[in-house]
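The lines below spell out each chain.
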Amino acid sequence: MNKYLFFASIILILVLQVQCQNKKKNSARGRRPKADCRLLLLEECMTKMNRYKNDSKSYELIKTSRGIDEICSNSQESLKCLSDFIVKCGTPIQQEMFRFALEQFEKSVDRFCKPGELRNDFLVHSPCIADKVLGKQEYKNKCNMPFTASVDKTDKLPEFDDRLDLVCCGYNRWENCLLEMTTKECSGAGKEALNAFMEKAFAGLSNMVCKQPDFVFTTDRCKSLYPPEGTVVTNKNTKNPISKYLTSYLGFLLSN
């Protein structure tokens, strides 16, 4: 449930998408095991883990310690699902990447999934964040929809670099939108608490590869990749495995 795990999972799914579409072996990534490694298996796995799909108020989980426990538990199950898939279907380098992510996950997860200062500080601000930001239609339309539409478009792009750039541009745009709204509604302290939650609990992409200076979401490069403004993609109608992973992992933040 931290930035390394989240980033590694997204990258691995992007790579597997390209592999499945091209049906070519890349010697630089090693030889894949002889196993049934269709993306459909990963999609089915994520669908089983997705407890937020039909819950339009799943964002309220962040308001209580019990709700955060549920988020942590769901993330553990999602991790187990991903780990089983990578062991079965990943190339040696993909497995090594995931093992590194898992090590980082194990080092930091206790800081949020167990009682402590970081969690207590977040719980002071989380009711405001849930009620005045995540639960508002403005947030869903302005922040969530453009991000989910961007992620959904990745499987329509043939080049891996374009897919990664679109995910990073879309993520930074979403994060900026969320933090701006949180600052407005819940003060700078609320923003800092949310930022700490995102960094330690699940996301933090901006501190890994999707660094803001490298993927400025307002640049012409990013704008050239975004889907048309107003594109509607919901958690229920998407077929993109990355979208389904995000719904499973971050559904309490990406409801629409």
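Residues numbered from 1 in each chain as written. Predicted model: local features only at pLDDT ≥ 70, side-chain atom pairs only at ≥ 80, totals over all residues. Heavy atoms only, no water.

Describing the overall build of the chain
Part 1 of the reasoning: Counting its secondary structure elements, the chain contains 10 helices and zero strands.
Part 2 of the reasoning: Across the 256 residues of the chain, 52% fall into the buried class.
Part 3 of the reasoning: Across the chain, the fraction of contacts at a sequence separation of at least 24, relative to all contacts at a separation of at least 6, is 79%. (Helix = DSSP H or I, 4+ residues; strand = E, 2+ residues; numbered from the N terminus. Buried < 20%, exposed > 50% of the residue type's maximum accessible area, 1.4 Å probe, protein only. Contact = heavy atoms within 4.5 Å.)

With respect to unusual backbone geometry
Part 1 of the reasoning: Even without a glycine there, the phi angle at S187 is positive, about 75°.
Part 2 of the reasoning: Take S187: it is sitting in helix 8 (residues 160-201).

What about helix 6 (residues 117-134)?
Part 1 of the reasoning: At H125, helix 6 shows its maximal kink, close to 45°; a proline, P127, follows between one and four residues later.
Part 2 of the reasoning: Looking at helix 6, one finds that the buried residues are L118, R119, F122, H125, S126, I129, A130, V133 and L134. (Bend = angle between axes of the 7 residues up to and from the residue.)

Topic: the packing of aromatic side chains
Part 1 of the reasoning: Evaluated as defined, the whole model comprises four aromatic pairs.
Part 2 of the reasoning: Between the aromatic rings of F147 and Y171, the centroid separation amounts to 6.3 Å while the plane-to-plane angle is 70°, which identifies the pairing as edge-to-face. Of the two residues, F147 is situated in helix 7 (residues 137-153) and Y171 in helix 8; the sequence distance between them amounts to 24 residues. Accessibility classification places F147 together with Y171 in one group, the buried group.
Part 3 of the reasoning: A ring pair is formed by Y171 and W174, whose centres lie 5.7 Å apart and whose planes are at 50°; its orientation type is tilted. (Phe/Tyr/Trp six-rings, centres within 6.5 Å; stacked < 30°, edge-to-face > 60°.)

Observations concerning the state of the cysteines
Part 1 of the reasoning: Under the defined criterion, the tally for this structure stands at three disulfides.
Part 2 of the reasoning: In this model, C169 is linked to C222 through a disulfide, with the two sulfur atoms separated by 2.0 Å. Looking along the S-S bond of the C169-C222 disulfide, the torsion reads about -65°, which is the left-handed sense. Of the two residues, C169 is situated in helix 8 and C222 in helix 9 (residues 220-225); the sequence distance between them amounts to 53 residues.
Part 3 of the reasoning: You can call C169 buried: its relative accessible area is 1%. (Disulfide = S-S within 2.5 Å.)

Digging into the pattern of salt bridges
Part 1 of the reasoning: Overall, the coordinates contain six salt bridges when judged by the stated rule.
Part 2 of the reasoning: The salt bridge involving R119 is made with D69; its shortest N-O contact spans 2.6 Å. A residue pair is termed long-range when its members are at least 10 positions apart, and R119 in helix 6 and D69 in helix 3 (residues 65-89) qualify at 50 residues.
Part 3 of the reasoning: On the basis of relative accessible area, D69 is assigned to the partly exposed category, the value being 38%.
Part 4 of the reasoning: Here the salt bridges do not stand alone but share partners, grouping D152, D155 and K156 into one network. (Salt bridge = Lys/Arg side-chain N within 4 Å of Asp/Glu carboxyl O.)

Topic: the layout of surface pockets
The gaps of empty space that remain are located by a probe, the size of a water molecule, rolled over the atoms.
Part 1 of the reasoning: Quantified by volume, the largest pocket comes out at close to 170 Å³.
Part 2 of the reasoning: In terms of lining, the largest pocket is formed by N141, M145, P146, A149, R173, Y226, P227, P228, E229, G230 and T231.
Part 3 of the reasoning: Ranked by the residues each element gives to the lining of the largest pocket, the list is headed by helix 7, at four residues.
Part 4 of the reasoning: Of the residues that constitute the lining of the largest pocket, the class distribution is six nonpolar, three polar and two charged. (1 Å grid on protein atoms, 1.4 Å probe; cavity = no way out; pocket = protein on both sides within 12 Å on 5 of 7 lines; lining within 4 Å. Points joined across faces, edges and corners; volume = space filled by probe spheres on them. Nonpolar A, V, L, I, M, F, W, Y, C, P; charged D, E, K, R; others polar.)

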